Amino acid sequence: MGKFIDNYLNIITNMLCGILLILGGYNIIVNVLHAGEVGKTLYLSGNDASYQEYTANLKKIESNINNYEYKNSEYDAITMSTLKTKISYCYSLLNSTEAIGGLTLNTYINQYDIYRINNNFMNTIVNECWISGMSSFTFGNNHQGKYFHDVLPKYSQTIVLLVNDSDYLRNELLNNSSFAYTTNNSSIFVRNTISEQYAMLMRNYEQFSEIIYKVSEYLVDGEY
Amino acid sequence: MAKIINRLCLVLKLVIILLTFGLTIFIMFSMYDSLEKELVGQNLLEFLKVILPFIVLIILFTINIMMGQKVVNDNIFFNIASTFSLMSVAYICYRAMYDTNMIFLYKTERNINFTYFSDQILIIKFMLYLIAIIDIVLIIRNKFLHKK
């Protein structure tokens, strides 16, 4: 009987040791994979289409601001001059070192860089340039005319979509401490999310600069 | 060779359990401090629930060494498995404090990723209790059955 219990306990301890080894190994593997995923970096070459489009938009906005002369038939000179000031402010925000253009080219960026620049997009660029700048000026002053009533609200709808994307990106990045970050339904292994996150961030900046560029075109030509 | 690995694991598991115990206490203290929670009542109970398996293991390992329990100390499978598990706990503590790629590290004043550590507490407790259970079963086996 004693020998039977001894053998039985031997089997139990070996089985438990096996479970412990598997659990410890699993824990190390999952953590190494997670560290690999969140530690992925991305080489910022500036050769991608979105980045080039974004820098081209910035140059065009700057050119439009510098070449502005009043010749608009829809709004008076003071309104257009205020619009120019708003566009200049948006340009300075988009061109600041906290925005995506502030990243040094030909270097590696990490997820924290994306988080930082995405926060700048949501908190500074969209809030200060569009919501408290452009929107409050155009909708708050009861301007007559088609452009401020019909065209700009459509841009606002696009910007809401950009903010939604940006919010999603921020939440995903904040969630990168979570155990579930690399063990969700779609992937258990390193999947290089940083390239997707960078693409989303770059697309937001590019589309926003495109909108500001279109507004600056209206400032110069008076056409839309 | 097996003997050397066994001795190495024996020393390593002792070093790592003391190290992780210290780090866990530090992380837990920092967490309660940053949340401005005092360590009394329910909070103290929660704190003790986390550090209890460490204390149990330290006591068991001390008994193993002081009493020279060969059935535990010479069990290479147990020593390797427990060292491996404790190394994963140490790696978790290290990442909670030094993995700068996790965004939440920047959200706390203490520069410790409490979110990540809280996620891992359950698996840490499970592994430590499992080590303790195996150790106790081995001691029982040694004490009561081998004497007969």
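Shown above is the structure to which this text applies.
Analysis parameters
Residues numbered from 1 in each chain as written. Chains lettered and ligands numbered in written order. Predicted model: local features only at pLDDT ≥ 70, side-chain atom pairs only at ≥ 80, totals over all residues. Heavy atoms only, no water. Helix = DSSP H or I, 4+ residues; strand = E, 2+ residues; numbered from the N terminus. Contact = heavy atoms within 4.5 Å. Areas by Shrake-Rupley, 256 points an atom, 1.4 Å probe, with all protein chains shown as cover. Lys, Arg positive; Asp, Glu negative; His and termini not counted. Charge placed at Lys NZ, Arg CZ, Asp CG, Glu CD. Axes fitted to C-alpha atoms, helices over the stretch in contact; angles between N-to-C directions. Left-handed = near helix turned anticlockwise from the far one by under 90°. Parallel < 35°, antiparallel > 145°, perpendicular 65-115°, else oblique. Nonpolar A, V, L, I, M, F, W, Y, C, P; charged D, E, K, R; others polar. Buried < 20%, exposed > 50% of the residue type's maximum accessible area, 1.4 Å probe, protein only. Disulfide = S-S within 2.5 Å. Patch = residues over 30% accessible without salt bridge, like charges linked within 9 Å, V, L, I, M, F, W, Y side chains within 5 Å. Salt bridge = Lys/Arg side-chain N within 4 Å of Asp/Glu carboxyl O. Core = buried A, V, L, I, M, F, W, Y, C linked by side-chain atoms within 4.5 Å. Buried area = accessible area lost by both parts, 1.4 Å probe. Polar contact = N/O pair within 3.5 Å; in protein donor to acceptor, adjacent residues only side chain to side chain. Phe/Tyr/Trp six-rings, centres within 6.5 Å; stacked < 30°, edge-to-face > 60°. Lys NZ or Arg CZ within 6 Å of the ring centre and 35° of its normal.

Colleague: Please explain the overall build of chain B as it appears in this structure.
Modeller: Across its full length, chain B carries 5 helices and 0 strands. Secondary structure elements of chain B, listed N to C terminal, follow the sequence α-α-α-α-α. By its C-alpha atoms, chain B is 60 × 40 × 20 Å across when sized along the principal axes. Within chain B, contacts between residues separated by at least 24 positions form 75% of all contacts whose residues are at least 6 apart in sequence. Counting only carbon and sulfur atoms, one obtains 70% of the accessible surface of chain B, whose full area is about 7700 Å². When the 14 positive and 9 negative side-chain charges of chain B are each reduced to one mean point, those points stand 18 Å apart.

Colleague: When you look at the packing of helix H2 (residues 49–66) of chain A against helix H3 (residues 77–94) of chain A in this model, what are you seeing that I'm missing?
Modeller: The angle between the axes and the distance between the axes are what describe a pair of packed helices. Residues and elements named next belong to chain A. Running from amino to carboxyl end, H2 crosses H3 at an angle of 145 degrees, the nearest separation of the two axes being 10 Å. As H2 runs across H3, the sense of the crossing is left-handed. Between H2 and H3, the contacting residues are Tyr54, Leu58, Ile61, Glu62 and Ile65 on the first element and Lys84, Ile87, Ser88, Tyr91 and Leu94 on the second.

Colleague: What is the right way to read the packing of H2(A) against helix H6 (residues 193–221) of chain A from this model?
Modeller: Residues and elements named next belong to chain A. Look at H2 against H6: their axes get within 8 Å of each other, and the N-to-C directions meet at 25 degrees. The orientation of H2 relative to H6 falls into the category roughly parallel. In the crossing of H2 with H6, the sense of the turn from one axis to the other is left-handed. For the pair H2 and H6, the contacting residues are Ser50, Tyr51, Glu53, Tyr54, Asn57, Lys60, Ile61 and Asn64 in the first and Tyr198, Met202, Tyr205, Glu206, Ser209, Glu210, Ile212, Tyr213, Ser216, Glu217 and Val220 in the second. Taken together, the residues that form the contact of H2 with H6 break down as 9 nonpolar, 5 polar and 5 charged.

Colleague: I'm lost on the side chain of A:Asn120 in this one. Help?
Modeller: Position of A:Asn120 relative to the elements: it lies in helix H4 (residues 111–140). Judged by its relative accessible area of 11%, A:Asn120 is buried.

Colleague: Looking at this structure, how should I read the state of the cysteines?
Modeller: Note on terminology: disulfide describes a covalent bond linking the sulfur atoms of two cysteines. Under the defined criterion, the tally for this structure stands at 1 disulfide over all chains. Free cysteine A:Cys17: the closest other cysteine sulfur is in B:Cys9, separated by 12 Å. Judged by its relative accessible area of 0%, A:Cys17 falls in the buried class.

Colleague: Looking at this structure, how should I read the environment of A:Cys129?
Modeller: Residue and element names in this part refer to chain A. On the secondary structure map, Cys129 appears in helix H4. Through-space distance from the C-alpha of Cys129 to that of Ala199 is 22 Å; in sequence the pair is 70 residues apart. The residues contacting Cys129, other than those within four sequence positions of it, are Cys90, Leu93, Thr124, Met134, Phe208 and Ile212.

Colleague: Would you mind showing me how to read a nonpolar patch on the surface here?
Modeller: All names here are of chain B. A grouping of Met1, Ile5, Ile76, Phe77 and Ile80 is seen on the molecular surface, where their side chains present a nonpolar patch of about 430 Å² in accessible area. A total of 3 residues in the nonpolar patch trace back to one element, the largest contributor, which is helix H4 (residues 76–98). Along the chain, Met1 falls in the segment before helix H1 (2–34). Judged by its relative accessible area of 75%, Met1 falls in the exposed class.

Colleague: So what exactly am I meant to see when it comes to the nonpolar core here?
Modeller: Burial of nonpolar side chains together is a common tendency in soluble globular proteins. A:Leu83, A:Tyr205, A:Phe208 and A:Ile212 are the most contacted members of the largest nonpolar core, which has 54 residues in total. Residues in contact with A:Ile212, not counting those within four places in the same chain, are A:Ile61, A:Ile87, A:Cys90, A:Leu94, A:Cys129, A:Trp130 and A:Met134. Residues B:Val50, B:Ala81, B:Ile92 and B:Met102 belong to the second largest nonpolar core, which totals 46 residues.

Colleague: Can you walk me through the interface of chain B and chain A in this structure?
Modeller: Frequently, the measure chosen for interface size is the accessible area that the parts lose on association. At the junction of the two partners, chain B supplies 35 residues and chain A supplies 34 residues. Carbon and sulfur atoms supply 72% of the area buried between chain B and chain A, which totals about 3100 Å² over both sides. In terms of surface lost to chain A, no three residues of chain B exceed B:Phe77, B:Asn101 and B:Ile103, which account for 20% of the buried area on that side. Run the count over chain B and chain A and you get 0 salt bridges. For the pair chain B and chain A, the number of links is 10 residue pairs in polar contact (both at pLDDT 80 or more). Elements supplying a minimum of two residues to the side of chain B that touches chain A: H4 and helix H5 (114–145) of chain B. Top contributing element to the side of chain B that touches chain A by residue count: H5(B), with 15 residues. Considering only residue class, the side of chain B that touches chain A consists of 22 nonpolar, 8 polar and 5 charged.

Colleague: Any chance you could explain the packing of aromatic side chains here in plain terms?
Modeller: Any two aromatic rings considered together are summarised by their centre-to-centre distance and by the angle between their planes. For the structure shown, the criterion picks out 14 aromatic pairs over all chains. Between A:Trp130 and A:Phe208, the aromatic rings sit 6.4 Å apart at their centres with planes inclined by 80 degrees, giving edge-to-face as the arrangement. Of this pair, A:Trp130 sits in helix H4 while A:Phe208 sits in helix H6, and the two are 78 residues apart along the sequence. Residue class for A:Phe208 comes out buried when judged on its relative accessible area of 0%. Taking the centre distance of 5.3 Å and the plane angle of 40 degrees together, the rings of B:Phe29 and B:Phe47 count as tilted. Placement of the pair is B:Phe29 in helix H1 and B:Phe47 in helix H2 (residues 42–66), with a sequence separation of 18 residues. Classification of B:Phe29 by relative accessible area gives partly exposed; the value is 43%. Aromatic ring contacts, followed pair by pair, group A:Tyr51, A:Tyr54, A:Phe121, A:Trp130, A:Tyr205 and A:Phe208 into a single cluster. Looking at A:Lys60, its charged tip hangs above the ring of A:Tyr213, at a distance of 4.5 Å from the centre.

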